[in-house]
Amino acid sequence: MPAATPALPVSDHSRPGWKAWALLAPMVFWLLVFVVIPGIILFVYSFCERDEVGGVIFNFSFDNYRRVFDPVYLRIFARSIGYAGLTTVICVVIGYPVAYYIGRASEELRNRLLLLVMVPFWTSFLIRTYAWITILKQEGMLNSFLAAMNLGIGPFNLLYTPTAVVIGLVYAYLPFMILPIYGSAEKLDNSLIEAAYDLGAGPIRAFSSVIVPLTMPGIAAGTLLVFVPAIGMFAITDLMGGAKVPMIGNVIQNQFLQARDWPFGAALGVIFMLMFALTYVILQRRGSRSTA
Amino acid sequence: MKTLKALLLALSALLGTARLTAADEVNLFGWSEYIPQEVLDGFTSETGIKVNFETYASNEELLSKLVAGGGAYDIVQPSDYTAEVMIRRGMLAPLDPAKLPNLRNIGAQFRSLPHDPQGKFTVPYMTGTVGIVVNTEKVKDPIKGYKDVFKEKFKDRLVVLNDNREIVTWALYSLGLSINDITPASLAKARPVVANWVKLVKVFDSDSPKTALLNGDVDIGVVWSGEAALLWNENKKFHYVLPAEGAHMFVDTLCIPASAKNKDAAHKLIDYIMRPEVSKIISDKFPYTNPNLAARKLLTPEQLANPASYPASNTARTFRDIGTAAADIDKLVTDLKSAQ
């Protein structure tokens, strides 16, 4: 560890001692083995070439990156970002009121509502996705319900369309938006909102100038948790979208499971990680500006 | 007291399994949803050899695991073209026919296929084809080949395998080109055909294409024969047709990696699977084409009448390894799918 220079007086408490490192060791080990080392392997592979059985040959080349920037794959990246962005916006619109209400509810009710948000996690993700197939399919629950109600609407042809993909994505990621916003809303100081009203703000003004900025860290965290995984999701596009339009997650999966092209898959993965880092930096900047 | 007893019981069970030495075990690496557990249990109760069963979902997954140096497997189950690469690379051990008396049950036509012409390294497990399944209640037109399926009329009424090489193969067949000789020129010719086809498809699904047909979301599929056979068992309205232009046949094999530790037990399990009464269990559960002619004699007339399991005439061809052309195919289909 770098020793503190005399010019920089640091109190003993802020310098991690050996005990702190010992406590951190399992975490550091975990990060090293499952994040840092695989990340390095991915990075190295992305500059290699492939052989006929899908092995990796250590010949330095930029070809994989050149291919990533081929219009074919750029368009897929753009489409994936579009879907993920739409999912994030819908999650904020639906999730914010829910999270705010839970955060302001009485403690007993709050715990019950939080439990309801988390109940879906008790079942496997794939089973829940198949449940949506049962609802949306041509002769499924939604269409039979509409037919039985005799409302004159439907039947809808939803399954295997982009709409179904967005429904699946919003459903899968909504809890990841609700929980961080709830965290911010719960901590919200009521007296600040009262102060806004006392100073003459209407409900809209109080919401936009006081409540939203104060819950911004929750929204930012939720956006990160929804947007980034939604870009890479491939199971929902396969199962509910009929695998008709490839997303970047599908393309990466194909490189490893069909095309025997690990280096290209690795290059796509590296670009993907860079996008994650970029989103994170942008959100961090936003966050620090709004708290400043 | 009760918990202590339970703990001791659990401990003794643990020690009991740990006592088995390596000689009593065989490590099998096979396709998921393909080998019934009762077959493995039957083998263990008869021989005392424990089967450690791990599964994979694609040939590429198997290859990459073995290339990465997984030497722990005694039996693997590659498809024809993957077995071909493995033989060429010296990854498989030659089989000892003296230890496989039940080999005589396997039909001769399945023993001399291009991936292993002398049948030295592989034994066929199950075979099948990729063909057209038609819901005859919804589709009245005669369907004979790919050209009858991929029509504007059937737009959004089709399910096909989500497998890029399969789709390109059908296009090559419809053009009368070789399916195993992938060149830039042949891909250029296939490109406009595939481009038209992907626009017509509603669902791409390799895992369970029968679902979309059963649910009524689509009326025609180009799918694995095993899936079509299950559909026919469910409802006789689902007809199976081998495409007139030509079809792909696949042979899934059993073989022993060169690095296997327990080749003796591996031979025993392979021979056990080739017993007629054992092979019949597999056919009952997974209605593919059984290459085991002695086992076919034990099947019911209804099983044998299933047109997807046992098509009348079968001139289908197997895939050969195409090496790095797999990446060209992947790019072509990805490009066309995303251009919609």
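All of these numbers come straight from a predicted model, not from anything done at the bench. (Residues numbered from 1 in each chain as written. Chains lettered and ligands numbered in written order. Predicted model: local features only at pLDDT ≥ 70, side-chain atom pairs only at ≥ 80, totals over all residues.)

A look at the overall build of chain B
Okay, step 1: Summing up its helical and strand segments, chain B has 14 helices and 11 strands in all.
Okay, step 2: Over its C-alpha atoms chain B spans a radius of gyration of 22 Å, differing by no more than 12% from the 20 Å that the globule rule assigns to 340 residues.
Okay, step 3: Principal axes of the C-alpha set define a box for chain B whose edges measure 70 × 45 × 40 Å.
Okay, step 4: Per-residue burial over chain B gives 47% buried out of 340 residues.
Okay, step 5: For chain B, restricting intrachain contacts to residue pairs at least 6 apart in sequence, the fraction spanning at least 24 positions comes to 77%. (Helix = DSSP H or I, 4+ residues; strand = E, 2+ residues; numbered from the N terminus. Rg over C-alpha atoms; globule rule 2.2 N^0.38 Å. Buried ≥ 20, exposed ≤ 12 C-beta atoms within 10 Å, placed from the backbone. Contact = placed C-beta atoms within 7 Å.)

Section: the overall build of chain A
Okay, step 1: Within chain A, the secondary structure is distributed over 12 helices and 2 strands.
Okay, step 2: Traced from its N-terminal end to its C-terminal end, chain A shows the element sequence α-β-β-α-α-α-α-α-α-α-α-α-α-α.
Okay, step 3: Each of the three principal axes of chain A carries a C-alpha extent, and together these read 75 × 65 × 35 Å.
Okay, step 4: Across chain A, the fraction of contacts at a sequence separation of at least 24, relative to all contacts at a separation of at least 6, is 68%.

What to know about the interface of chain B and chain A
Okay, step 1: The partner chain A presents 25 residues to the 29 residues of chain B that form the contact.
Okay, step 2: Those elements that provide at least two residues to the side of chain B that touches chain A are helix H3 (59-67), strand E7 (201-204) and helix H14 (325-338) of chain B.
Okay, step 3: Here the side of chain B that touches chain A gets 8 residues from one element, more than from any other, and that element is H14 of chain B.
Okay, step 4: Among the residues making up the side of chain B that touches chain A, the classes are represented as 8 nonpolar, 11 polar and 10 charged. (Nonpolar A, V, L, I, M, F, W, Y, C, P; charged D, E, K, R; others polar.)

Regarding the environment of proline 36 of chain B
Residues and elements named next belong to chain B.
Okay, step 1: Tracing the backbone shows proline 36 in the loop between strand E1 (25-31) and helix H2 (37-47).
Okay, step 2: We classify proline 36 as partly exposed; it has 15 C-beta atoms within 10 Å.
Okay, step 3: Expressed as a C-alpha distance, the spacing of proline 36 and phenylalanine 286, which sit 250 residues apart in the sequence, is 8.7 Å.
Okay, step 4: Once you skip the residues sitting within four places of it in the chain, proline 36 turns out to touch Ile281, Ile282 and Lys285.

Things to note about the domain arrangement of chain B
All names here are of chain B.
Okay, step 1: Per the domain assignment, the segments making up chain B are domain 1 (2-127 + 251-305) and domain 2 (128-249 + 315-338).
Okay, step 2: Each of domain 1 and domain 2 has a C-alpha centre, and the two are 29 Å apart.
Okay, step 3: Between domain 1 and domain 2, the residue contacts involve 14 residues of the former and 11 residues of the latter.
Okay, step 4: Counting residues per element, the ones that place at least two in the side of domain 1 that touches domain 2 are helix H4 (80-88) and strand E5 (123-135).
Okay, step 5: With 4 residues, the single largest contributor to the side of domain 1 that touches domain 2 is H4.
Okay, step 6: Split into classes, the residues belonging to the side of domain 1 that touches domain 2 amount to 9 nonpolar, 3 polar and 2 charged. (Domains from an automatic or database assignment.)

Considerations on the sheet that holds strand E3 (residues 75-76) of chain B
All names here are of chain B.
Okay, step 1: Read from one edge of the open sheet, 3 strands run E2-E1-E3, paired in parallel fashion. Two strands lie at the open edges of the sheet, namely strand E2 (50-56) and E3, each paired on one side alone.
Okay, step 2: In this sheet, E3 lies alongside E1 in parallel orientation, the contact comprising 2 bridges. Within the sheet, the bridge partner assigned to leucine 28 lies in E3 and is isoleucine 75.
Okay, step 3: Along the sheet face, helix H10 (residues 263-273) touches E1, E2 and E3 and points at about 55° away from the line of E1. (Pairing = 2+ DSSP bridges. Axes fitted to C-alpha atoms, helices over the stretch in contact; angles between N-to-C directions.)

A few points about the pairing of E5 of chain B
Residues and elements named next belong to chain B.
Okay, step 1: E5 sits mainly inside the fold: 12 of its 13 residues count as buried.
Okay, step 2: In terms of strand pairing, E5 meets strand E10 (residues 248-254) through 7 bridges, oriented antiparallel. Residue pairing for E10: proline 124 is matched across the bridge by threonine 253.
Okay, step 3: Here 5 bridges tie E5 to strand E8 (residues 220-224), and the two strands are oriented antiparallel to one another. Bridging from a neighbouring strand, isoleucine 132 pairs with valine 222 of E8.
Okay, step 4: Strand direction decides the pairing type here: E5 and strand E9 (residues 238-241), joined by 4 bridges, are antiparallel. Bridge pairing in E9 links valine 133 to tyrosine 240.

Some thoughts on unusual backbone geometry
Okay, step 1: At tyrosine 160 of chain A, a position not held by glycine, the phi torsion is positive, near 65°.
Okay, step 2: Among the secondary structure elements, tyrosine 160 of chain A is positioned in the loop between helix H6 (141-149) and helix H7 (162-187).
Okay, step 3: Here tyrosine 160 of chain A falls in the buried class, since 28 other C-beta atoms lie within 10 Å of it.
Okay, step 4: Not every positive phi belongs to a glycine, and glutamate 33 of chain B is a case in point at roughly 60°.
Okay, step 5: Looking at the secondary structure, you find glutamate 33 of chain B in the loop between E1 and H2.
Okay, step 6: On the basis of neighbour count, glutamate 33 of chain B is assigned to the partly exposed category, with 13 C-beta atoms found within 10 Å.

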